[in-house]
Amino acid sequence: MKKTLTAILAFFACFALILTLGACSSNDPVIESEETSEVTADNKADCLELLNSFFEETIKSGNFVATSTHEEDRRIESVVGDASCTVNESDGSTFWAFKRGDEFICAVSADGSNQYIIGEDYYNSYYLSSLSSLNVMEYVPEEGFTFQCTVKTKEMRVTRGDQTSDETTATLSFEAKMEGSGSINITATAKNGLVESMVYSTTDLAADQTLALTTTFVYGNAVVTLPDITDWEDVSSTVDKAETDEDAGA
């Protein structure tokens, strides 16, 4: 009886193991084919083209939440279509960028005051603020700087169970460097064309200091609730006059 019981237990143990292995093999992804490619550039124009192309699908997606972190500070931007809302967690200030008819509006709620300003330039300053580092690179002068950008892409055909799909992963490395002074770097990762993470960093050799801003992206669940600015202060004329006076003084 003991021998028979032992045999039965051994049988069920083996049967359970077979089921477990079968379940794992059917659920684990199987890479049917894989191909890698690499594109590099070493001048400003081509490097910027690679950089902007890497983020193109993220911008086109029209719905994402970008969380940017620098040390203890955290900023969260939600983007839905042509509207965005950015919250600075350190002080609770909130910025909106949106369109109202033909008007481009930037609204700010901070320190107990609510204000807004009308103008496309102001709108552009806050809309997609999580990607503002891309615009910064446009203003890096060619003289005195060397540029380098590399995008590595892996294309795979993957089977999961009875489903087969084409998938891509990509990494970007961008550097604008001034010899002996420092550099500006952007690194990023993407999956199926959408950027998942980005690190923007600056290195100052004289100060022996490197500052880094890390941003992560989540897609499809962003919500932007626009404020009712009916009773908010319109500071458009005030800001425009201040800028006019400053230009005249210059």
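Residues numbered from 1 in each chain as written. Predicted model: local features only at pLDDT ≥ 70, side-chain atom pairs only at ≥ 80, totals over all residues. Heavy atoms only, no water.

Draft legend 1. Main features of the pattern of salt bridges. By the definition in use, this model includes five salt bridges. Between Glu89 and Arg74 there is a salt bridge, with its nearest N and O atoms 2.9 Å apart. Here Glu89, found in the loop between β4 (83-88) and β5 (94-100), pairs with Arg74, found in strand β3 (residues 73-80); they are 15 residues apart in sequence, far enough to count as distant. The partly exposed category is assigned to Glu89, whose relative accessible area is 42%. (Salt bridge = Lys/Arg side-chain N within 4 Å of Asp/Glu carboxyl O. Helix = DSSP H or I, 4+ residues; strand = E, 2+ residues; numbered from the N terminus. Buried < 20%, exposed > 50% of the residue type's maximum accessible area, 1.4 Å probe, protein only.)

Draft legend 2. Layout of unusual backbone geometry. If you check the backbone angles, Glu71 has positive phi at about 55° while not being a glycine. Counting through the fold element by element, Glu71 comes out in the loop between β2 (63-70) and β3. The exposed category is assigned to Glu71, whose relative accessible area is 65%. We note that Asp208 has phi near 50°; this positive angle belongs to a residue other than glycine. Here Asp208 shows up in the loop between β11 (194-204) and β12 (209-219). The exposure class assigned to Asp208 is exposed, which follows from its relative accessible area of 72%.

Draft legend 3. Representation of the side chain of Ser236 in the model. Tracing the backbone through its elements, the reader meets Ser236 in helix α6 (residues 236-249). The exposure class assigned to Ser236 is buried, which follows from its relative accessible area of 9%. Within the structure, the side chain of Ser236 is placed 2.6 Å from the side chain of Asp234, a separation counted as a polar contact. Setting aside anything within four residues of it in sequence, one finds Ser236 in contact with Tyr116, Ile117 and Ile118. (Polar contact = N/O pair within 3.5 Å; in protein donor to acceptor, adjacent residues only side chain to side chain. Contact = heavy atoms within 4.5 Å.)

Draft legend 4. Molecular detail of the side chain of Ser93. As for its position among the elements, Ser93 is in the loop between β4 and β5. A polar atom in the side chain of Ser93 sits 2.7 Å from the side chain of Asp91. In contact with Ser93, other than residues within four places in its own chain, are Thr86, Val87, Asn88, Ser109 and Ala110.

Draft legend 5. Focus on the nonpolar core. In terms of nonpolar packing, the biggest core is built from 35 residues, with Leu51, Phe54, Phe55, Met137, Leu172, Phe174 and Ile186 touching the most fellow members. Elements represented by at least two residues in this core include exactly α2 (44-54), β2, α5 (132-138), β8 (146-160), β9 (163-178), β10 (182-191) and β11. Broken down by element, the residue count for this core peaks at five residues, all from α2. Ignoring anything within four residues of it in the chain, the contact list for Ile186 reads Leu51, Ser133, Leu134, Met137, Leu172, Ser173, Phe174, Met198, Val199 and Tyr200. Counting residues in hydrophobic clusters, the runner-up holds ten residues, among them Cys85, Val224, Ile229 and Trp232. (Core = buried A, V, L, I, M, F, W, Y, C linked by side-chain atoms within 4.5 Å.)

Draft legend 6. Molecular detail of α2. For α2, the full list of buried residues reads Lys44, Cys47, Leu48, Leu50, Leu51 and Phe54. All buried residues of α2 project into a common sector of 160° when viewed along the axis, lining one side. Those residues of α2 that are exposed and aimed more than 90 degrees away from the buried face are Ala45 and Glu49. Between a side-chain oxygen at the N-terminus of α2 and the backbone nitrogen of Ala45 the separation is 3.3 Å; the capping residue is Asn43. (Arc of directions from axis to C-beta.)

Draft legend 7. Structural context of the pairing of β3. Relative to β3, β2 runs antiparallel, the two being bridged by eight bridges. When the bridges of β3 are listed, Thr69 appears paired with Arg74. What sits between β2 and β3 in their antiparallel hairpin is a turn of two residues, with Glu71 showing a positive phi close to 55°. Hairpin connection, β3 to β4: the antiparallel pair is bridged by two residues, and Gly81 has positive phi, about 60°. (Pairing = 2+ DSSP bridges.)

Draft legend 8. Main features of the environment of Phe64. The topology assignment puts Phe64 in strand β2. Residue classification places Phe64 among the buried residues on the basis of a relative accessible area of 0%. When the C-alpha positions of Phe64 and Gly220 are compared, they lie 5.9 Å apart, and in sequence the two are 156 residues distant. Residue contacts for Phe64: discarding those within four places in its chain leaves Thr58, Glu77, Ser78, Val79, Leu128, Ser130, Phe217, Val218, Tyr219 and Ala222.

Draft legend 9. Structural detail: the environment of Glu77. In this fold, Glu77 is placed in strand β3. Judged by its relative accessible area of 1%, Glu77 is buried. As a C-alpha pair, Glu77 and Leu128 span 51 residues in sequence and 7.7 Å in three-dimensional space. With sequence-adjacent residues up to four places away left out, Glu77 is seen in contact with Phe64, Val65, Ala66, Ser84, Cys85, Thr86, Tyr126, Tyr127, Leu128, Ser129 and Ser130. One polar contact links the side chain of Glu77 to the main-chain amide nitrogen of Leu128, over a distance of 2.9 Å. From its side chain, Glu77 meets the backbone nitrogen of Ser129 in a polar contact 3.1 Å long.

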